[in-house]
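The chain contents come next:
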Amino acid sequence: MGTLAKARNVDLTELLTVASFDMGAEGGLKVDAAVVSRLAKVPDGARTLERRGYDGCWTAEVSHDPFLPLTLAAEHTSTIELGTSIAVAFARNPMTMAQIGWDLQDYSRGRFILGLGSQIKPHIEKRFSMPWSKPVARMHEFVLAMREIWSCWREDTPLQFEGEFYTHKLMTPMFVPPPHPHGDPKVFVAAVGDRMTEMCGEVADGLLAHAFSTQRYVREVTLPTLSRGLERAGRLRGDVEVSSPLFVVTGRDEAEVRAAAAPTRKQIAFYASTPAYRKVLELHGWGDLQTELHRLSREGDWDTMGSLIDDTMLDEFAVVAPVDELVKKIRTRCQGLIDRILVGFPPTIDEATVVSLVSDLRSGA
């Protein structure tokens, strides 16, 4: 992972910096950011995010555990929401995940969001040494099993869950955690394919979409697919928050914007080289580019790959704007489509400007 990230000129910590929008009836936004996962840095990082006015901070399961940092973040903050984007579900089981979710929800006083992802078969089988099969059905059952466990603890009812993948039918008093008044954590699920997206509509509180999406793809593919799951479960669109990472190319002047575009082109090219994301390109008539990018990726020619992402493609996959136009352009891109978006602010933007951006996004200015 480290070698690949360096080859792509990607700073994983920077990529995790996020902003999240919750577009309510009055157009209000929530703005989130990531906390660095190295434990020694978490307290200061979480306090900084809260001081800057962010609504929430997130961790990811990359080279560190995603939950331990949130325990420290909960201890050193009082209002900011805490979430995983994502924790690998199939590296664990519903009981262990239910325990973690219960304890973090309690310790954070109701501020925890459990974001789950399936990962892919080689990682589950060869890195985590866990079983892999039918990922959509397994994730669906995983979420239902967790909620059944939480219900058992909360309502003091017998535990009776028996599915195709998970069975939980034993819960004696000594293993029941103390009650708390904060309710169950929200459960978000990462979805790329149509079937996982539909499943989110059926059982999840939120959908974590992939960064490699365009406004048109979200409008014409993601939301209609989510709606099929919602309809099947008798739920409404407002029952599921759609969260989507967003590439942002910005700076204080034209030179900084141009410089910021180069690594973003490489990141977009990396995703575009992956066969699983070809359908996004095909929607825009760029399917043949995926074949060429895939060939170049096998040769490790990352610089050439980035050069193939022209300005038209960059504008489709990223918000490109100077800092003073950023808020307006982000809102225009996402209004009516995305409830929460994940967006990184480059380190060249000073703290006062970040505070102003966060405030303007939250107020809808």
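Scroll up a little and you will see the structure.
Residues numbered from 1 in each chain as written. Predicted model: local features only at pLDDT ≥ 70, side-chain atom pairs only at ≥ 80, totals over all residues. Heavy atoms only, no water.

**A short note on the overall build of the chain**
Working step 1: Tallying secondary structure elements over the chain gives 16 helices and 12 strands in all.
Working step 2: Here the C-alpha radius of gyration of the chain, 20 Å, is about what a compact globule of 365 residues would show, namely 21 Å.
Working step 3: Dimensions of the chain, computed from C-alpha atoms along their principal axes, come out at roughly 65 × 45 × 40 Å.
Working step 4: Expressed as a percentage of the 365 residues in the chain, the buried residues total 51%.
Working step 5: Intrachain contacts of the chain at a sequence separation of at least 6 include 70% that bridge at least 24 residues. (Helix = DSSP H or I, 4+ residues; strand = E, 2+ residues; numbered from the N terminus. Rg over C-alpha atoms; globule rule 2.2 N^0.38 Å. Buried < 20%, exposed > 50% of the residue type's maximum accessible area, 1.4 Å probe, protein only. Contact = heavy atoms within 4.5 Å.)

**So, the pattern of salt bridges**
Working step 1: Summed over all chains, the structure comprises 28 salt bridges.
Working step 2: A salt bridge links R362 to D55, with the nearest nitrogen and oxygen atoms 2.9 Å apart. With a gap of 307 residues between them, R362 in helix α16 (residues 351-363) and D55 in the loop between α3 (42-51) and β2 (56-59) connect regions that are remote in the sequence.
Working step 3: The shortest N-O distance in the salt bridge between R92 and E61 comes to 2.9 Å. Of the two residues, R92 is situated in the loop between β4 (87-88) and α5 (94-107) and E61 in the loop between β2 and α4 (68-75); the sequence distance between them amounts to 31 residues. There is no split in this pair, since R92 and E61 are both buried.
Working step 4: Through salt bridges with shared partners, a single ionic network connects D32, K186, E241 and R340. (Salt bridge = Lys/Arg side-chain N within 4 Å of Asp/Glu carboxyl O.)

**Here's the deal with the packing of aromatic side chains**
Aromatic rings in a pair are described by how distant their centres are and how their planes are angled relative to each other.
Working step 1: The tally for this structure, following the rule as stated, stands at 14 aromatic pairs.
Working step 2: Between F142 and Y166, the ring centres sit 5.5 Å apart and the planes meet at 90 degrees, which makes this aromatic pair edge-to-face. On the criterion of sequence distance, the pair formed by F142 in helix α7 (residues 135-155) and Y166 in the loop between β6 (161-162) and β7 (167-168) is long-range, its members being 24 residues apart. Here the two residues F142 and Y166 agree in accessibility, since each one is buried.
Working step 3: In this structure, R138 is placed above the aromatic ring of F90, and the distance from its NZ or CZ to the ring centre is 5.9 Å. (Phe/Tyr/Trp six-rings, centres within 6.5 Å; stacked < 30°, edge-to-face > 60°. Lys NZ or Arg CZ within 6 Å of the ring centre and 35° of its normal.)

**Things to note about the nonpolar core**
Working step 1: Judged by nonpolar contacts, the single largest core of 82 residues is most densely connected at Y54, L116, M146, W153 and V189.
Working step 2: It is α7 that provides the largest number of residues to this core, a total of 9 residues.
Working step 3: Within the second largest apolar cluster, 28 residues are counted, among which are F212, A269, Y271 and L296. (Core = buried A, V, L, I, M, F, W, Y, C linked by side-chain atoms within 4.5 Å.)

**Description of the packing of helix α15 (residues 323-334) against α16**
Working step 1: The interhelical angle for the contact between α15 and α16, taken along N-to-C directions, is 25 degrees, at an axis separation of 11 Å. Classified by the angle their axes make, α15 and α16 are roughly parallel. Crossing angle aside, the handedness with which α15 passes α16 is right-handed. Across the interface between the two elements, V323, L326, V327 and R331 from α15 touch T353, L357, D360 and L361 from α16.
Working step 2: Residues that form the contact of α15 with α16 fall into these classes: 5 nonpolar, 1 polar and 2 charged. (Axes fitted to C-alpha atoms, helices over the stretch in contact; angles between N-to-C directions. Parallel < 35°, antiparallel > 145°, perpendicular 65-115°, else oblique. Left-handed = near helix turned anticlockwise from the far one by under 90°. Nonpolar A, V, L, I, M, F, W, Y, C, P; charged D, E, K, R; others polar.)

**Here's the deal with unusual backbone geometry**
Working step 1: The residue after S85, namely I86, is reached through a cis peptide bond having omega 5 degrees.
Working step 2: Position of I86 among the secondary structure elements: in the loop between β3 (81-84) and β4.
Working step 3: Phi at Q119 is positive, roughly 60 degrees, even though this residue is not glycine.
Working step 4: At K134, a position not held by glycine, the phi torsion is positive, near 40 degrees.
Working step 5: On the basis of relative accessibility, which here comes to 51%, the residue K134 falls in the exposed class.

**Focus on helix α9 (residues 215-233)**
Working step 1: Over its 19 residues, α9 extends 26 Å from the first C-alpha to the last, a length consistent with the 27 Å expected when each residue adds 1.5 Å.
Working step 2: For α9, the principal kink sits at T222 and spans about 30 degrees; a proline, P224, occurs within the next four residues.
Working step 3: Those residues of α9 that are buried are in contact with α8 (194-203), β9 (206-208), β10 (241-249) and α11 (278-283).
Working step 4: Where α9 terminates, the next one or two residues include G234, which has phi positive at roughly 70 degrees. (Expected span 1.5 Å × (residues − 1). Bend = angle between axes of the 7 residues up to and from the residue.)

**Focus on the side chain of S297**
Working step 1: Locating S297 in the fold gives a position in helix α12 (residues 287-299).
Working step 2: One polar contact links the side chain of S297 to the main-chain carbonyl oxygen of H294, over a distance of 2.7 Å.
Working step 3: With sequence-adjacent residues up to four places away left out, S297 is seen in contact with S273, W302 and M305. (Polar contact = N/O pair within 3.5 Å; in protein donor to acceptor, adjacent residues only side chain to side chain.)

**Considerations on the side chain of S118**
Working step 1: Its place among the elements puts S118 in the loop between β5 (112-117) and α6 (121-127).
Working step 2: When neighbours within four sequence positions are excluded, S118 is seen to be in contact with V88, F90, I124, W132, M139 and M196.

**Here's the deal with the packing of α5 against α7**
Working step 1: Closest axis-to-axis distance for the α5/α7 pair is 9 Å, and the angle between their directions is 55 degrees. The orientation of α5 with respect to α7, classified from their angle, is oblique. Every pair of crossing elements has a handedness; the one defined by α5 and α7 is right-handed. On α7, the residues that touch P94, M95, M97, A98, Q99, G101 and W102 of α5 are F142, A145, M146, I149, W150, W153 and R154.
Working step 2: Here the contact of α5 with α7 is composed, by residue class, of 11 nonpolar, 2 polar and 1 charged.

All quantities given are derived from atomic positions and should not be read as evidence of function.
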